[in-house]
Amino acid sequence: MDLSIFTPELLKAIGWGIIETLYMTLFSTLLAYVIGLPVGILLVTTAKDGVTPLPWFNAILGFIVNLMRSIPFIILLILVLPFTRLVVGTTIGSTATVVPLVISAAPFIARMVESSLREVDAGVIEAAHSMGATPIQIVWKVMLPEATPSLIIGSAIAVTTILGYTAMSGFVGGGGLGTIAVNYGYYRYKTDVMLVTVLLLVLIVQVFQELGMRISLAGDKRAR
Amino acid sequence: MDSIIQRKNELIRIEGLGKTFTSKSGSVTALKNINLSIYSGEIFGIIGLSGAGKSTLVRCINFLERPTEGDVIFDGESLSSLTPAQLRIRRRSMGMIFQQFNLLMQRTALANITFPLEIAGVPKERALERARELLQIVGLADREKAYPSQLSGGQKQRIAIARALATEPKVLLCDEATSALDPTTTASILALIKDINRKLGITVIIITHEMSVIEEICSRVAIIDHSKIAEVGDVDEIFIRPKSEIARKLIFPEGPRETLFNGEHCVRIVFDGKSSFEPVIANLILECQTPVNILYANTKNVNGTALGQMLLQLPESESSRKRVLAYLTVKGIPFTEETIRQED
């Protein structure tokens, strides 16, 4: 590997790339949870066997979530460009990328939350009913706390998936490590630079995954 | 042989209760025309084989399952007339424990007990105080910081009992509460329930498929079979004179062994506390001058009294049989004539 291509300017760009990637990933994840968590909760509570059954609403919500999940991210990225311009004022840069990232990740997160909440023992929910808990108390004090370890593992998966999407947005000038990989590795044939950015992405994924696992395990009181 | 519990205070009245589950594949009737009265302060058993409908019945008592017919009158109030919010408040007067304990796995023992109090809006300090009191009652004061996964089955059920008692209920509903426990632990949990019933005056309803649980602590029992009540009455009375086929089957879970003998002219005799001291069979043979064949014998502890049952096959000769039956009548030993059929 010829190290001379890693000029101070490039190193600085890579440094910024890391920061931008982390910013896009974490900010998008946060916003996607703001939408995905309530939707995931509603998917469970309005189901036929849920605490507030509302089958027609559940069917519509499930359909919308599936519809949005079936659009490939790279297509969605372009489809929502007008909306992105409306919200952020531009379609280039890391903040602009957050918009399609959130739209793409929210339904995915909703399904992850749904599956975590479904793992909660029906018997425990029945016990809460027998004590006179309201549906909101059951969600807030039973389902969410009992599902926390699973929700945390889910969020680690969400973060790493979104990280992958940020790299994809490099093709449309999304910023971050993805843009550096595309600009240097793809357009200028500097494979070494691409390799380094990929290695950095791998590293970031590893850190988030490991962190999620450890936090989840530390908070799980089920197995000792 | 009337029960000693006073029958004035009816706590729960189940009136013409029925439950039908309807699904796409058709409807299943789990309960049909159930009528029962449960009195304040008693330990009432509901027994049946699995699938008889007893778990549905206990869930209808606190309206976890809404009956499709009839009503439950709890403490003079019709549950079917309550709004969902009123029903939730009413449920605080009805504690419930389960076969699988159903504790919150991410909460400590102490936090599990404060849970129903949090829901009821009791101030935190007061809730903690009450929870510690209850830990004392169930004998786990030293395990308040333990998580359910660190406790044994019996300890988990003790925490569940404490949790069910937190809101000072009038009745404790036990749904197969000892079915997941070993015999020793079962005995200690039953002793605890009995203790709570005596000391706190809480009415207890016990759902089980084990006759031994009923014999151990219940004063009255309802036997449920094929969605209906087959028999209801005092435990000792039902034990001595079971009227229904299902009652006999439950009292003699070893029943199939009887089918080894294919005999007519059988009598089932019951020894109560008194006659257990007398050599009844020996005397009978000497008095009547006729041999009898003992097909089955068993002694059980029913509410602290030793009750024995024996299945005798009497001789072919009718005059000898009459002598035996007359002897039993004179001696005041309860008996029923039975024919043992070969079953499949």
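Data block above holds the structure.
Outline a nonpolar patch on the surface, supporting the account with residue identities and numerical values.
Residues and elements named next belong to chain A. A cluster of nonpolar residues, Ile74, Ile75, Ile78, Leu79, Leu81, Met168, Phe171, Val172, Tyr186 and Tyr187, forms a patch on the protein surface that exposes about 930 Å² of accessible area. Among the secondary structure elements, those contributing two or more residues to the nonpolar patch are helix H3 (73–79) and helix H8 (176–187). When residues of the nonpolar patch are assigned to their parent elements, the largest contribution, 4 residues, is made by H3. Take leucine 81: it is sitting in helix H4 (residues 81–88). According to the relative accessible area criterion, leucine 81 is partly exposed, its value standing at 31%.

Residues and numbers for the interface of chain A and chain B, please.
At the interface, 25 residues of chain A touch 23 residues of chain B. Contact between chain A and chain B buries roughly 2,100 Å² in total, counting both sides, with carbon and sulfur atoms accounting for 57%. For chain A, the biggest contributors to the area lost against chain B are A:Ser130, A:Met131 and A:Lys221; these three give 30% of the whole. Among the ionic pairs, A:Glu126 bridges to B:Arg59, the shortest N-O distance being 2.5 Å. Among the elements of the structure, helix H6 (122–130) and helix H7 (135–168) of chain A are those that each provide at least two residues to the side of chain A that touches chain B.

Now, about the nonpolar core: what can you tell me, with residues and values included?
By size, the foremost hydrophobic cluster in this structure holds 69 residues, and its most contacted members are A:Ile109, B:Ile12, B:Ile14 and B:Leu57. Element by element, the count of residues in this core is highest for helix H5 (residues 94–118) of chain A, at 10 residues. Ignoring any residue separated from it by four or fewer positions in sequence, one finds B:Ile12 in contact with B:Leu36, B:Ser37, B:Ile38, B:Ile61, B:Val72, B:Ile73, B:Phe74, B:Val171 and B:Ile205. Grouped together as the second largest cluster of nonpolar side chains are 59 residues, B:Ala160, B:Leu192, B:Val204 and B:Val270 included.

For the packing of H5(A) against H7(A), give the residues involved together with the corresponding values.
Residues and elements named next belong to chain A. Where H5 contacts H7, the two axes come as close as 9 Å, and the packing angle between them is 150°. Classified by the interaxial angle, the pair formed by H5 and H7 is roughly antiparallel. Crossing geometry of H5 relative to H7 is assigned as right-handed. Counting all contacts with H5, which are made through Leu101, Ser104, Ala105, Phe108, Ile109, Met112, Val113, Ser116 and Leu117, the residues of H7 involved are Met143, Leu144, Ala147, Ser150, Leu151, Gly154, Ile157, Ala158, Thr161, Ile162, Tyr165 and Thr166. Here the residues of the contact of H5 with H7 are counted per class, giving 15 nonpolar, 6 polar and no charged.

So what's going on with helix H11 (residues 318–331) of chain B? Which residues, and what values?
Residues and elements named next belong to chain B. Across its 14 residues, H11 extends 20 Å between first and last C-alpha, which sits within 8% of the 20 Å expected from 1.5 Å per residue. Summarising the contacts, the buried residues of H11 are in contact with strand E11 (266–271), helix H10 (280–288) and strand E14 (335–338). Two residues or fewer past H11, glycine 332 is found with a positive phi of approximately 70°.

Describe in detail the packing of H6(A) against H7(A), supporting the description with residues and values.
Residue and element names in this part refer to chain A. At a minimum axis distance of 10 Å, the contact between H6 and H7 shows a crossing angle of 140°. What the angle tells us is that H6 and H7 run oblique. You can see that H6 and H7 cross each other, and the crossing is right-handed. Between H6, through Val124, Ile125, Ala128 and His129, and H7, the contact on the second element is made entirely by Ile138, Val142 and Met143. Looking at side-chain class alone, the contact of H6 with H7 contains 6 nonpolar, 1 polar and no charged residues.

Could you give an account of the pairing of strand E6 (residues 94–97) of chain B, with specific residues and numbers?
Residue and element names in this part refer to chain B. What you see with E6 is no split at all: Met94 and Met96 on one side and Gly95 and Ile97 on the other are buried throughout. As judged from the 4 bridges shared by E6 and strand E7 (residues 171–175), these two strands associate in the parallel manner. Bridge assignment links methionine 96 to a residue of E7, and that residue is leucine 173.

Explain the state of the cysteines to me, using residue names and the numbers behind them.
What the rule picks out here adds up to 0 disulfides over all chains. B:Cys174 takes part in no disulfide bond, and the closest cysteine sulfur to it belongs to B:Cys218, at a distance of 9.0 Å.

Which residues make up the environment of A:Arg222, and what are the values?
The topology assignment puts A:Arg222 in the segment after helix H9 (191–219). Since its relative accessible area comes to 37%, A:Arg222 is described here as partly exposed. A C-alpha to C-alpha distance of 48 Å links A:Arg222 and A:Gly89, two positions 133 residues apart in sequence. Ignoring sequence-local partners within four residues, the contact set of A:Arg222 consists of A:Pro149, B:Met105, B:Gln106 and B:Ser149. One polar contact links A:Arg222 to A:Asp220, side chain to side chain, over a distance of 2.9 Å.

What counts and what doesn't
In every chain, residue numbers begin from 1 and rise along the written sequence. Following the order in which they are written, the chains are lettered starting with A and the ligands numbered starting with 1. The predicted nature of this model means local features are confined to residues of pLDDT at least 70 and side-chain atom pairs, given and counted, to a pLDDT of 80 or more, with totals for whole chains, interfaces and linings taken over all residues. The side-chain values count all of the structure's non-hydrogen atoms but skip hydrogen atoms and water molecules. Each patch is built from residues that are more than 30% exposed by relative accessible area and take part in no salt bridge. Like charges join if they lie within 9 Å; nonpolar side chains (Val, Leu, Ile, Met, Phe, Trp, Tyr) join within 5 Å. Method for areas: the Shrake-Rupley scheme with a 1.4 Å probe, in which residue coverage is limited to the protein chains shown. One side-chain nitrogen of Lys or Arg within 4 Å of one carboxyl oxygen of Asp or Glu is enough to make a salt bridge. Secondary structure elements are taken from DSSP: a helix is a run of H or I of four residues or more, a strand is a run of E of two residues or more, and numbering for both begins at the N terminus. Accessibility here uses a 1.4 Å probe with only protein chains present; expressed as a share of the type maximum, an area under 20% marks a residue as buried, one over 50% as exposed, and anything in between as partly exposed. Contacts: residue pairs with any heavy atoms within 4.5 Å of one another. By buried area we mean how much accessible surface two parts lose on assembly, using a 1.4 Å probe and totalling the loss over both. Among buried residues, those of type Ala, Val, Leu, Ile, Met, Phe, Trp, Tyr and Cys that are joined through side-chain atoms within 4.5 Å constitute a nonpolar core. Helix axes are fitted only over the stretch in contact, all axes being lines through C-alpha atoms; the angle between N-to-C directions runs from 0 to 180 degrees. With respect to orientation, any angle under 35 degrees is reported as roughly parallel, any angle over 145 as roughly antiparallel, any angle of 65 to 115 as roughly perpendicular, and every other angle as oblique. Working rule for handedness: look at the near helix, and if it is turned counterclockwise from the far one by less than a right angle, call the crossing left-handed; if clockwise, right-handed. Charged residues are taken to be Asp, Glu, Lys and Arg, nonpolar residues to be Ala, Val, Leu, Ile, Met, Phe, Trp, Tyr, Cys and Pro, and polar residues to be all remaining types, Gly included. Between the first and last residue of a helix there are one fewer steps than residues, each counted as 1.5 Å, and that sum is the expected span. For two strands to count as paired, DSSP must find a minimum of two bridges between them. Cysteine sulfur atoms that pair up within 2.5 Å are treated as a disulfide. Whenever two N or O atoms come within 3.5 Å, that pair is a polar contact, provided that in protein one can donate a hydrogen and the other can accept it, and provided that, for residues adjacent in sequence, both atoms are side-chain atoms.

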